[in-house]
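# Analysis of the macromolecular model
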Amino acid sequence: MKICMLTDAWLPVWGGGQEHVKQVAKILKEKYEYQVDIIAPTLINPKFKFSNFFHRVWFAFWVLRFLFTSDYDIYHSHNFSTSAFLPIVKLRDKKTAVTVHGLGKKMVGGGLLDSLGIGRLWLWLVLRVWPFDYRFSAGNLDGYLTVSNGINIKEFDAVKAKKDPAKFRIFWIGRKYDPVKGVRFLEEAVKKIDNPKVELDLADGIYGREKIQRFKQADLFVLPSLSEGLPIVLLEAMASKLPIVATDVGDCKKLIETAKCGLIVAPGNAVQLADAIRVIIKDKKNYGENGYEFVKKNYSWDKVAAVYYSSYSHAYSKLQPQ
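First things first, this report covers the structure right here in the doc. Please read these numbers as outputs of a predicted model, since none were measured by experiment. (Residues numbered from 1 in each chain as written. Predicted model: local features only at pLDDT ≥ 70, side-chain atom pairs only at ≥ 80, totals over all residues. Heavy atoms only, no water.)

## Considerations on the packing of aromatic side chains
Worth spelling out the cut-off: Only rings of Phe, Tyr and Trp enter the pairing, Trp through its six-membered ring, and a pair is recorded when the two centres are within 6.5 Å. The plane angle decides the type: under 30 degrees is stacked, over 60 is edge-to-face, the rest tilted. Here, a charge over a ring means that NZ of Lys or CZ of Arg falls within 6 Å of the ring centre while also lying within 35 degrees of the ring normal.
The final tally for this structure, using the stated rule, is 17 aromatic pairs. The structure contains a cluster of three or more aromatic residues connected by ring pairs, namely Tyr32, Tyr34, Phe136, Tyr308, Tyr309 and Tyr312. One Lys or Arg, Lys2, reaches over the ring of Tyr72 and ends 5.6 Å from the middle of that ring.

In structure tokens:
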């Protein structure tokens with residue numbers, strides 16, 4: 001089976017959606033022997049660097065042409081901008097799929113388009129109107145098959161790092177420029193704590209061993225997002241044996257309360273964030289160990305890929321002549 005996976009960002013722009021695509025594509029190729037091609041801005045010719053919002057629009061319309069001229073059994077989009085064009089391949093009698101990784105209602109850098117509500121309209125069209133054959137979601141979303149996210153626990157176990165006993169380091173990693181990630185609320189919370197021992201470590205654009213080391217050098221991971229699905233960074237923090245403070249968005253509350261690995265606060269509330277951080281500073285309990293054991297037992301990329309394989313193979317059987 002030939003599968004095309006579409007995502008509107010790749011290195012040097014990296015996040016949970018890109019990690020998801022990378023890991024799943026690898027397993028589908030190696031374990032299930034599918035042909036999987038990833039179509040992303042910096043993997044194609046011409047390459048798109050995405051220095052601003054308009055480059056994303058440019059790439060989306062490049063994809064529009066690509067959908068008319070390429071030949072795959074299934075076209076699977078992992079972002080809203082390319083998902084909006086997938087009904088085109090339905091006209092060519094091809095199968096379509098979408099995976100929802102988050103539910104931000106604004107386009108990053110959208111400006112006027114956001115003020116006109118274009119982001120919300122686009123979201124509604126993709127989520128509820130377009131005729132996808134398969135609908136997946138990293139987190140719990142009504143009408144979608146939950147595919148979850150995964151973690152390679154061995155990669156985290158292999159990396160060692162020392163913490164600074166004179167500091168209490170709070171770690172965050174993600175897209176600093178994206179307001180939906182809520183970094184400003186975390187920065188405001190740390191100011192409210194006003195403790196010289198507390199150090200905020202914000203990371204963007206780090207990968208591999210360096211990323212894992214930064215996790216393991218920290219004492220606490222905070223996710224202050226205004227919107228998420230099931231963030232991979234939470235699984236990474238758990239694999240690093242960190243206690244977690246996160247906002248009640250997506251599946252964050254369910255994951256953290258089930259694993260008993262941290263505290264949940266309301267999104268967009270710096271006061272609650274500061275209070276929760278103070279609680280963890282005083283007593284980390286067994287949050288780190290609880291999270292590690294839970295993620296080790298319940299989350300792997302093999303399980304994620306198996307969900308896709310089951311759905312894809314069903315679609316493929318319908319493509320074959322009877």
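Having put the structure on the table, let's press on.
## Description of the nonpolar core
Side chains that are nonpolar tend, in soluble globular proteins, to be buried together. The condition is simple: Buried residues of nine kinds, namely Ala, Val, Leu, Ile, Met, Phe, Trp, Tyr and Cys, make up a nonpolar core once their side-chain atoms join them within 4.5 Å. Exposure classes here rest on a 1.4 Å probe applied to the protein chains alone. A residue is buried below 20% of its type maximum, exposed above 50%, and partly exposed in between. Starting at the N terminus, helices and strands are each numbered in turn, a helix being any DSSP run of H or I of at least four residues and a strand any DSSP run of E of at least two. Note on contacts: a residue pair qualifies if any of its non-hydrogen atoms lie within 4.5 Å across the two residues.
Grouped together as the largest cluster of nonpolar side chains are 32 residues, with contacts concentrated most on Ile173, Phe215, Phe221, Leu234, Met238, Ile244 and Val295. Ranked by the residues each element gives to this core, the list is headed by helix 10 (residues 232–239), at six residues. Look past the residues within four positions of Val295 in its chain and what remains in contact with it is Ile151, Ile153, Leu235, Met238 and Ala239. Residues Phe48, Phe66, Tyr75 and Leu141 belong to the second largest nonpolar core, which totals 26 residues.

## With respect to the sheet that holds strand 6 (residues 145–146)
Pairing between the strands of a sheet is mediated by backbone hydrogen bonds and can be parallel or antiparallel. Put simply, the test is: Any two strands are treated as partners once DSSP identifies two or more bridges connecting them.
Read across the open sheet, the six strands follow the order 2-1-3-4-5-6; overall the sheet is parallel. Where the open sheet ends on each side, the last strands, each with one partner, are strand 2 (35–39) and strand 6. As paired strands, strand 3 (residues 74–77) and strand 4 (residues 95–100) are joined by four bridges and run parallel to one another. Bridge assignment links Ser77 to a residue of strand 4, and that residue is Val98.

## A closer look at the pairing of strand 7 (residues 168–173)
Most of strand 7 is tucked away: six of the six residues are buried. Going residue by residue along strand 7, you find Phe168, Ile170 and Trp172 tucked away on one face and Arg169, Phe171 and Ile173 tucked away on the opposite face as well. In the sheet, strand 7 pairs with strand 8 (residues 198–203) via six bridges, with the strands oriented parallel. When the bridges of strand 8 are listed, Ile173 appears paired with Ala203. Sheet topology note: the strand 7/strand 9 (residues 220–223) ladder contains two bridges and is parallel. Bridging from a neighbouring strand, Phe171 pairs with Phe221 of strand 9.

## Some details on the pattern of salt bridges
Spelled out, the test is: Any carboxyl oxygen of Asp or Glu that lies within 4 Å of a side-chain nitrogen of Lys or Arg is treated as forming a salt bridge with it.
With the rule as written, the count across this model stands at 13 salt bridges. Across the salt bridge formed by Asp71 and Lys94, the nearest N and O atoms sit 2.6 Å from each other. A residue pair is termed long-range when its members are at least 10 positions apart, and Asp71 in the loop between helix 2 (53–69) and strand 3 and Lys94 in the loop between helix 4 (87–90) and strand 4 qualify at 23 residues. The buried category is assigned to Lys94, whose relative accessible area is 17%. In this structure, Arg278 and Asp275 form a salt bridge, with 2.9 Å as the shortest nitrogen-oxygen distance. Within this pair, Arg278 and its partner Asp275 are both found in helix 12 (residues 270–282), separated by three residues, close to a single helical turn. For Arg278, a relative accessible area of 32% puts it in the partly exposed group.

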